[in-house]
Amino acid sequence: MALTVAEVAELCSGKLEGDGGATVAGVASLKSAGPQDLSFLAQARYASQVPTTRAAAVLLAPDSDARREGPVIRVEDPQAEAIRVIHALGLQDTSHPFEGVSDKAYIDPAAELGDGVVVGPFVTICKGARIGANCVLYPGAYVGRGVTLGSDCVLHPHAVVRNAEIGNRVVLGPGAVVGFDGFGFHPTAEGVMRVPQLGRVVLGDDVLVGANAAIDRARFDETRLHKSAALDNLVHIGHNCTIGEYTLIAAQTGLSGGAMLGARCLLGGQVGLTPNVEIGDDTRIVAKSGVSRSFPGGGTLSGSLAKEHGAALRDLIELRRLPELAARIRKLEQQQS
Amino acid sequence: MALTVAEVAELCSGKLEGDGGATVAGVASLKSAGPQDLSFLAQARYASQVPTTRAAAVLLAPDSDARREGPVIRVEDPQAEAIRVIHALGLQDTSHPFEGVSDKAYIDPAAELGDGVVVGPFVTICKGARIGANCVLYPGAYVGRGVTLGSDCVLHPHAVVRNAEIGNRVVLGPGAVVGFDGFGFHPTAEGVMRVPQLGRVVLGDDVLVGANAAIDRARFDETRLHKSAALDNLVHIGHNCTIGEYTLIAAQTGLSGGAMLGARCLLGGQVGLTPNVEIGDDTRIVAKSGVSRSFPGGGTLSGSLAKEHGAALRDLIELRRLPELAARIRKLEQQQS
Amino acid sequence: MALTVAEVAELCSGKLEGDGGATVAGVASLKSAGPQDLSFLAQARYASQVPTTRAAAVLLAPDSDARREGPVIRVEDPQAEAIRVIHALGLQDTSHPFEGVSDKAYIDPAAELGDGVVVGPFVTICKGARIGANCVLYPGAYVGRGVTLGSDCVLHPHAVVRNAEIGNRVVLGPGAVVGFDGFGFHPTAEGVMRVPQLGRVVLGDDVLVGANAAIDRARFDETRLHKSAALDNLVHIGHNCTIGEYTLIAAQTGLSGGAMLGARCLLGGQVGLTPNVEIGDDTRIVAKSGVSRSFPGGGTLSGSLAKEHGAALRDLIELRRLPELAARIRKLEQQQS
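Residues numbered from 1 in each chain as written. Chains lettered and ligands numbered in written order. Predicted model: local features only at pLDDT ≥ 70, side-chain atom pairs only at ≥ 80, totals over all residues. Heavy atoms only, no water.

Looking at the overall build of chain A
This is how the line gets drawn: Strands are runs of DSSP state E lasting at least two residues, helices are runs of H or I lasting at least four, and both sets are numbered from the N terminus onward. Taken over C-alpha atoms, the radius of gyration is set against a globule rule of 2.2 Å times the number of residues to the power 0.38. Exposure classes here rest on a 1.4 Å probe applied to the protein chains alone. A residue is buried below 20% of its type maximum, exposed above 50%, and partly exposed in between. Should any heavy atoms of two residues lie within 4.5 Å, those residues are counted as being in contact. For every accessible area listed, the method is Shrake-Rupley and the probe measures 1.4 Å; residues are considered covered only by the protein chains on display. Asp and Glu are treated as the negative residues and Lys and Arg as the positive ones, with His and the ends of the chain left uncounted. Charge positions are represented by NZ for Lys, CZ for Arg, CG for Asp and CD for Glu.
When its secondary structure is counted, chain A shows four helices and 39 strands. Taking 20 Å as the expected radius of gyration for a compact globule of 337 residues, we find that chain A reaches 26 Å, considerably beyond that expectation. Relative to its 337 residues, chain A shows a buried fraction of 57%. The long-range fraction of contacts in chain A, counting pairs at least 24 apart against all pairs at least 6 apart in sequence, stands at 17%. With the model as given, the accessible surface of chain A reaches about 13300 Å², and the carbon-plus-sulfur share is 50%. One way to put it: in chain A the 31 positive side-chain charges average out to a point 8 Å from where the 36 negative ones average out.

And the structure:
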């Protein structure tokens, strides 16, 4: 599969500057692109690499002042158009290394498999599980009793799902654990009781769960991730959390039990939310923040006792004035004496 | 299995207000309870849901002023009594999806299995391992050479245990790793040497290890979790740590090598302890704290260089005074000039 | 295998003080050593244990003033010499519980296995994978299509490697995930696009990856860990990161996409790096730091907006002066009035 530079320009609805005859067979970064690769400038910090890239053509924003001798294609959104070309060229390998149902898998006779389901070796599918059409289960994947998977889901190696209802096109990364018991204890005079965990997990369509991430089942009711929510590696979602659609959560962030995130939120890595906080739609939370109260949404939060980011920055500026304040006090004291 | 509301009141040694005839077949949250469910008010923040819950009856503390038209049962500890009813009704499914010993498992001939042990498919049990009566090993569980498991343990899918001695009724969550090598390096003039890890892990009775958590074997001697200690998901316990009985550690917290926690401590999530710190019994550590020195126990710690929580709060109050202090300095300067 | 104390002294090029006739068959901590064990004092904090240890002999630095009645061997580096003796006595069990190629494994016919490769049960090796001589693959290990492993690698239970080229003597801990997709999203007016991940992971010789750690494949090009880099448990390495040789990263630390660490860096636990920061060689980063800009290398960084450690400490000292500054302002105000 290949396109000419001129065909790429047309595909991207871009304006070609320079010759359109060269062949484009791949997409690569500016630094590593070869003469058959398309490249693109998505972040100004890489502009200095444009003049020297060996790429067949470079996607540039209309107002970019990066310069090169070879062909350039002007497009509104170079990142998005590069992705479009990757898909057009079929560069992303969406095939899987297994076909059919492995005779090295364990499938309970009372499980149901839809058409086209692929089951790799060492997969376990328990009683009452229903696997939608075209799902792909990699080696070691575990589907517990009564779990429902929609169609076109991918469970990567050793992904575990129990006590759950899973939508369509959901991806569970390697080692991801969905539906294990929440961490609940109740102290009494006679000692600590374990709180029974009876609820489940519901994952909407197109949810993505990263490698070795964990989503606990609810105590009662549901832990729910809405459509297209995505978790990076090693994220922890406690029991009874709710996460809105299109919300993205970077690696190693943790939500305590009952925390609620609205739609289209963006959380950096290593963020922590305390139990039961409620964060509104379209909130951004800076990496490493600790969020211990609720926010209505729409803003950016930061800090270890997270507040609105502007206020947090003002706090930092105040802090940096400390040596100056101390000097001014000293001066006042000298004048006094 | 079902009880009448009156029978529930009797079971809980509670005082019934209203009619005791309705049937209770489940326990649910106030919000989702149906007419055959018992519900309960454990946290004042949910009091507003009491009037509208559809529950057959609601467990309330004697002094709660929440009101509803339907039946109420007054009990000292609504949370504990709800758990009692859950157990009485058999609502927690403690069965397992496997029976007997799977012929798809790998069991070394020189391993010993107690009575009633359940071994799922794709389980590995190595030479010299001894599995106590009624243990349940889920698919992918791995028990290394010479490991001893007490009775009634549950190893969830892909749990790995090596170099370890495990008590009774221990639960290892999916993907939990017990007994891998500690992370030890010794810099020398000729480069960095890896420090051999020769010790083991000892887990007391009723220990719980969360999904994808990791407990390293000791360098020499033992990494030890005492009776009923519990780790949430993605917790890291370095080599040679000691954790006291009934201590609870929330998700993503990490203990560096040699750290010691006393009994009945409560650690929030994403806490970090530096190597070899010693924390006494009954200490609480606020989420995200960084603990870099030892504390005698009994208090609450917080902050990134954790100190006694009251002192940490006073620091915060001082900090918030900064703009006011700056204004007062400015005023003094104006008076001076 | 055993040595006399005199032979140990000779092996370590040490100076024996006391009788050299006792037998040394093990190496142990001061506290737990028995009469056939060698022990050593590596940290001054354990000096008080020297007089009472039951060890056959104790390795002490030339200038240590710790005293005991029994034999002492003076060596420049007690830690390094203890490791030497551990190796000489063969105390570290480097054997594996499996031999040959298990008939319970799944090996694609188009995979290549070098001489002496050990494949445990429930291992998956996909098409085009090449496994170097003497590699050991524990149960549940997964080697994806086209992956190359050098010789003498160890993949512990459930380690997953895809889209990767692996050097010699690399160790992947239990549950480690190498080569899963990076977490990339591109917001557009029509919604969020997933950014295709086309690159791979390259691990140099002697790299160590801890339990349940995750290393993402690059978007394009490579995520690369150079020779002898080591990751502790639950570390996250985002797409396109580069980590220099001999760099050590403690547990639960996370590197965002494109972050670069030089050679011989030491990172504490729970550190976070924001995308694309570049940290020079020989940098130390204190546990829990958040690094959001680049540093040239050679220093120590700390703090949630990490800066040079000395400056961070001075900030803390300024902070502690706040109550005193407030008191001095109060005094000035009283004098004024």
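So much for the structure itself; the text now carries on.
Topic: the interface of chain B and chain A
As a reminder, the rule being used: Reported buried area values correspond to the accessible surface (1.4 Å probe) lost by two parts on association, with both partners' losses combined. The working definition used for a salt bridge is a side-chain nitrogen of Lys or Arg within 4 Å of a carboxyl oxygen of Asp or Glu.
The interface is formed by 60 residues belonging to chain B together with 60 residues belonging to chain A. Together, the buried faces of chain B and chain A total about 4600 Å²; carbon and sulfur atoms form 63% of this surface. At the junction of chain B and chain A, the tally comes to two salt bridges. Across the pair D93 of chain B and R145 of chain A runs a salt bridge whose closest N-O atoms are separated by 3.7 Å.

Thoughts on the relation of the copies chain B and chain A
Basically, it comes down to this: C-alpha atoms of residues with pLDDT of at least 70 in both copies form the basis for the least-squares superposition of the copies.
Laying chain B over chain A is done by rotating through 120° and shifting 0.0 Å along the axis; what remains is an RMSD of 0.1 Å. The symmetry that links the two subunits is that of a three-fold axis.

Considerations on the interface of chain C and chain B
Cut-off, in case you're wondering: Residues are grouped as follows: nonpolar covers Ala, Val, Leu, Ile, Met, Phe, Trp, Tyr, Cys and Pro; charged covers Asp, Glu, Lys and Arg; every other residue, Gly included, is treated as polar.
Contact residues are listed per partner, giving 60 residues for chain C and 60 residues for chain B. Summing both sides of the interface, chain C and chain B together bury roughly 4600 Å²; the carbon and sulfur share of this comes to 63%. Put simply, chain C and chain B have two salt bridges between them. Residue assignment for the side of chain C that touches chain B shows that the elements contributing at least two residues are α2 (78-88), β27 (230-231), β30 (248-249), α3 (309-320) and α4 (322-336) of chain C. Counting residues per element, the side of chain C that touches chain B draws most heavily on α4 of chain C, which supplies eight residues. Split by residue class, the side of chain C that touches chain B holds 34 nonpolar, 17 polar and nine charged.

Quick word on the domain arrangement of chain A
Our working definition: Domain boundaries shown here were taken from an automatic or database domain assignment.
By domain assignment, chain A separates into domain 1 (3-88) and domain 2 (159-312). Taking only C-alpha atoms, the centre of domain 1 of chain A and the centre of domain 2 of chain A are 38 Å apart.

Considerations on the pairing of strand β5 (residues 37-40) of chain A
Residues and elements named next belong to chain A. Put simply, the rule is: Note: two strands are recorded as paired if DSSP finds a minimum of 2 bridges between them.
Neither face of β5 is open: one carries D37 and S39, the other L38 and F40, and all of them are buried. Two strands pair when backbone bridges link them, and strand β4 (residues 26-27) and β5 are joined in this way by two bridges, in the parallel orientation. Looking at β5, one finds that G26 is bridged to D37. The sheet contact formed by β5 and strand β6 (residues 57-60) spans three bridges and is parallel. Within β6, the residue paired with L38 across the bridge is A57.

Some remarks on α3 of chain C
We apply this condition: The span expected for a helix works out to 1.5 Å for each residue beyond the first. We call two N or O atoms a polar contact when they sit within 3.5 Å, provided that within protein one can donate a hydrogen and the other can accept it, with sequence-adjacent residues counted only if both atoms are side-chain atoms.
Helix length check: α3 of chain C, at 12 residues, gives a terminal C-alpha distance of 17 Å against a target of 16 Å (1.5 Å per residue), a fit within 8%. By the N-cap criterion, in which a side-chain oxygen at the helix start approaches the backbone nitrogen of a residue two or three places on, α3 of chain C is capped by E308 of chain C, the distance to G310 of chain C being 3.1 Å.

Here we look at the pattern of salt bridges
Pairing between side chains of opposite charge can happen when their charged atoms approach one another. Tallying each qualifying case throughout the model produces 54 salt bridges over all chains. Two residues, E81 of chain B and R84 of chain B, come together in a salt bridge whose shortest N-O distance is 2.7 Å. Of this pair, E81 of chain B and R84 of chain B both sit in helix α2 (residues 78-88), three residues apart, roughly one helical turn. For R84 of chain B, a relative accessible area of 41% translates into the label partly exposed. With a shortest N-O distance of 2.7 Å, D315 of chain B and K307 of chain B are connected by a salt bridge. By sharing partners, the salt bridges in this structure join E318, R321, E324 and R328 of chain A together with E333 of chain B into a single network.

What about the side chain of T124 of chain A?
One can find T124 of chain A in strand β11 (residues 124-125). Excluding anything up to four places from it in sequence, T124 of chain A contacts Y106, A141, Y142 and V143 of chain A together with F98, P121, F122 and P139 of chain B.

Considerations on the environment of V291 of chain C
All names here are of chain C. Inspection of the secondary structure assignment puts V291 in strand β37 (residues 290-291). Residue class for V291 comes out buried when judged on its relative accessible area of 1%. Beyond its immediate chain neighbours, meaning those up to four positions away, V291 contacts G272, L273, T274, V277, I279, I285 and A306.

Section: the packing of aromatic side chains
In plain terms, the rule: Pairing of aromatic side chains here covers Phe, Tyr and the six-membered ring of Trp, requires ring centres within 6.5 Å, and sorts the geometry by plane angle: under 30 degrees stacked, over 60 edge-to-face, intermediate tilted. By definition here, charges over rings are those cases where NZ of Lys or CZ of Arg is within 6 Å of the ring centre and within 35 degrees of the ring normal.
Going through the model one piece at a time under the given rule, you end up with 21 aromatic pairs over all chains. An angle of 65° between the planes, with centres 6.1 Å apart, marks the rings of Y142 of chain A and Y138 of chain B as edge-to-face. One end of the pair, Y142 of chain A, is in strand β14 (residues 142-143); the other, Y138 of chain B, is in the loop between β13 (136-137) and β14 (142-143), on a second chain. The residues Y142 of chain A and Y138 of chain B share a single accessibility class, namely buried. Each residue in the set F98 and Y138 of chain A together with Y106 and Y142 of chain C is aromatic and connected to the rest through ring pairs, giving one cluster. If you follow R162 of chain B out to its NZ or CZ, it ends over the ring of Y138 of chain C, 5.1 Å from the centre.

Structural notes on the sheet that holds strand β4 (residues 26-27) of chain C
Spatially, the five strands line up as an open sheet ordered β2-β7-β6-β5-β4 (chain C), and their pairing is mixed. Both edges of this open sheet fall to β2 (15-17) and β4 of chain C, since each of them pairs with a single strand only.

Observations concerning unusual backbone geometry
Residue and element names in this part refer to chain B. Notably, N163 is not glycine yet its phi reads approximately 50°, a positive angle. Mapped onto the secondary structure, N163 falls in the loop between β17 (160-161) and β18 (164-166). Its identity as a non-glycine residue notwithstanding, D206 has a phi of 65°, on the positive side. By the element assignment, D206 lies in the loop between β23 (200-203) and β24 (208-209).

What about the sheet that holds β5 of chain A?
A sheet is described by the order of its strands in space; here five strands give the open sequence β2-β7-β6-β5-β4 (chain A), paired in mixed fashion. Each edge of the open sheet is held by one strand with a lone partner, namely β2 (15-17) and β4 of chain A.

Some details on the side chain of Q79 of chain B
In this structure, Q79 of chain B sits in helix α2. Assessed through its relative accessible area of 14%, Q79 of chain B is described here as buried. Apart from the residues lying within four places of it in its own chain, the contact partners of Q79 of chain B are H186 and R219 of chain A together with F40 and A42 of chain B.

A few points about helix α2 (residues 78-88) of chain A
The buried count for α2 of chain A comes to eight of 11 residues, which makes it a mostly enclosed element. Looking at α2 of chain A, one finds that the buried residues are P78, Q79, A80, E81, A82, I83, V85 and I86 of chain A. Buried residues along α2 of chain A sit in contact with α1 (5-11), β4, β5 and β6 of chain A together with β21 (185-188) and β22 (191-194) of chain C.

Details of the state of the cysteines
Operational definition: Cysteine sulfur atoms that pair up within 2.5 Å are treated as a disulfide.
Applying the stated criterion to the full structure yields zero disulfides over all chains. Between C265 of chain B, a cysteine without a disulfide, and C241 of chain B, which holds the nearest cysteine sulfur, the sulfur-to-sulfur distance is 13 Å.

Quick look at the pairing of strand β20 (residues 177-180) of chain B
In terms of strand pairing, β17 of chain B meets β20 of chain B through two bridges, oriented parallel. If you follow V160 of chain B over to β20 of chain B, its bridge partner there is V177 of chain B.

Remarks on the environment of A312 of chain B
All names here are of chain B. Tracing the backbone shows A312 in helix α3 (residues 309-320). Along the chain, A312 and S337 lie 25 residues apart, while their C-alpha atoms are 38 Å from each other. Every residue in contact with A312, bar those within four places of it in the chain, is listed here: S302 and K307.

As for the environment of V5 of chain A
Position of V5 of chain A relative to the elements: it lies in helix α1. When residues no more than four places from it in sequence are discounted, the contact partners of V5 of chain A are L16, D19, G20, A22, V24, A56, A57, P71 and I73 of chain A.

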